[in-house]
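Summary of the model geometry
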Amino acid sequence: MALMGNKKEEHLPPPVLELSIITVNYKSADHLIECLRSIKENLKNLEYEIIVIDNASGDRSVGKIQAAFSDIVLIENKTNLGFSKANNQGIRRSRGRYILLLNNDTVVLPNALEAMVGVLKRSADIGIVGCRLLNPDKTPQQSFGSAAGFIGDLLQSTFSNTLFANSSNPIVEKILARLHRSGKKVGWVCGACMLCRRDSLEETGLLDENFFMYKEDMDLCISFRKKNWGIYYTPDAPIIHHLGASVSAKPFETAIEYRKSQLYFYKKHYGWMGLLCLKIYLYGKFIRKLSVSFLVDCAGEPSSGNGQDSYSLNREILKVIRDFH
């Protein structure tokens, strides 16, 4: 990864319309088409443009998109540049006063985007707005969090993930509904649907392209907060998110990239001591996983392949942890 440093201010062309919607596609054209149709059906009161960046899907994605939508801006990359770099391509091409970074596996519900834009129009100190993310069955997903860090990650892995995985439980559903029912300033919002002010992005700099995928949303929110821009969650903007659909094409590589981004995030924001603490924690976690998957592989059915896949993945992640400096 490139050497870290403060991001430079970005000089974007002056805006000529209200909203730019940017989405990155990789081998997920069917979800993307559903997403774009939901925008066109449910966004009625804003002048907007849609910019799609295809990250060298290598399938029929581009043809499907072109056949379904002739009025969007389509950028075709020859290689997979990653989520951050592709979004930055779209931001630099955009013409909107407000810029929405939207996952291709989302479905926009009526008035959701108008509500998000409304927050920025009413609140001059807010730089980023996040939405209320929902599973397809309308149960809540995690849409925001407090300031990121080691304790936050530990709570995420031991508590939050379990809570949201059981969001259909009536008691859990009530707890999550209470947490998500009020608008509030937060530490970060989920990058699946993140609305930014154009002038704020110019001041803070765009997404850090050292993040191939994952953690770029938390990193951007930290950059905004350092410049005294508020991060706001609104419950008035419901968006359905098919969680994981956009990364399902390469699950093995996705898991590796997540750990790379996590390690880089800690080094960037918490220095060598923070990185060391994370490495110690991850070594313990993945050595335990490696031991369990090895035993499962030895005792299980050889034909299934699941044990060997898990063993290989955990071994590769340990190499990533060891080699990251």
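Residues numbered from 1 in each chain as written. Predicted model: local features only at pLDDT ≥ 70, side-chain atom pairs only at ≥ 80, totals over all residues. Heavy atoms only, no water.

For the chain, the count of helices and strands is 10 helices and 11 strands. Long-range pairs, those at least 24 residues apart, make up 81% of the contacts in the chain between residues at least 6 apart in sequence. (Helix = DSSP H or I, 4+ residues; strand = E, 2+ residues; numbered from the N terminus. Contact = heavy atoms within 4.5 Å.)

Glancing now at a nonpolar patch on the surface. A surface patch of nonpolar side chains, amounting to about 280 Å² of accessible area, comprises I171, I175 and L179. Relative to the helices and strands, I171 is located in helix α6 (residues 170-180). (Patch = residues over 30% accessible without salt bridge, like charges linked within 9 Å, V, L, I, M, F, W, Y side chains within 5 Å. Areas by Shrake-Rupley, 256 points an atom, 1.4 Å probe, with all protein chains shown as cover. Salt bridge = Lys/Arg side-chain N within 4 Å of Asp/Glu carboxyl O.)

Okay, the environment of K85 next. Mapped onto the secondary structure, K85 falls in helix α3 (residues 83-93). Separated by 121 residues in the primary sequence, K85 and L206 have C-alpha atoms spaced 9.2 Å apart.

Turning to its location among the elements, E216 is positioned in helix α8 (residues 216-226). Engagement of the side chain of E216 in a polar contact is seen with the backbone nitrogen of Y214, the distance being 2.7 Å. Contacts of E216, omitting those with residues within four sequence positions, involve F83, S84, L207 and F211. (Polar contact = N/O pair within 3.5 Å; in protein donor to acceptor, adjacent residues only side chain to side chain.)

Moving on, we come to α6. Within α6, the full set of buried residues consists of V172, L176 and H180. When α6 is viewed along its axis, its buried side chains cluster within an angular range of 65° and face the same direction. Opposite the buried face of α6, by more than 90 degrees, sit the exposed residues P170, I171, K174 and R178. Here α6 starts with a cap whose side-chain oxygen sits 2.9 Å from the backbone nitrogen of I171, and that cap is N169. (Buried < 20%, exposed > 50% of the residue type's maximum accessible area, 1.4 Å probe, protein only. Arc of directions from axis to C-beta.)

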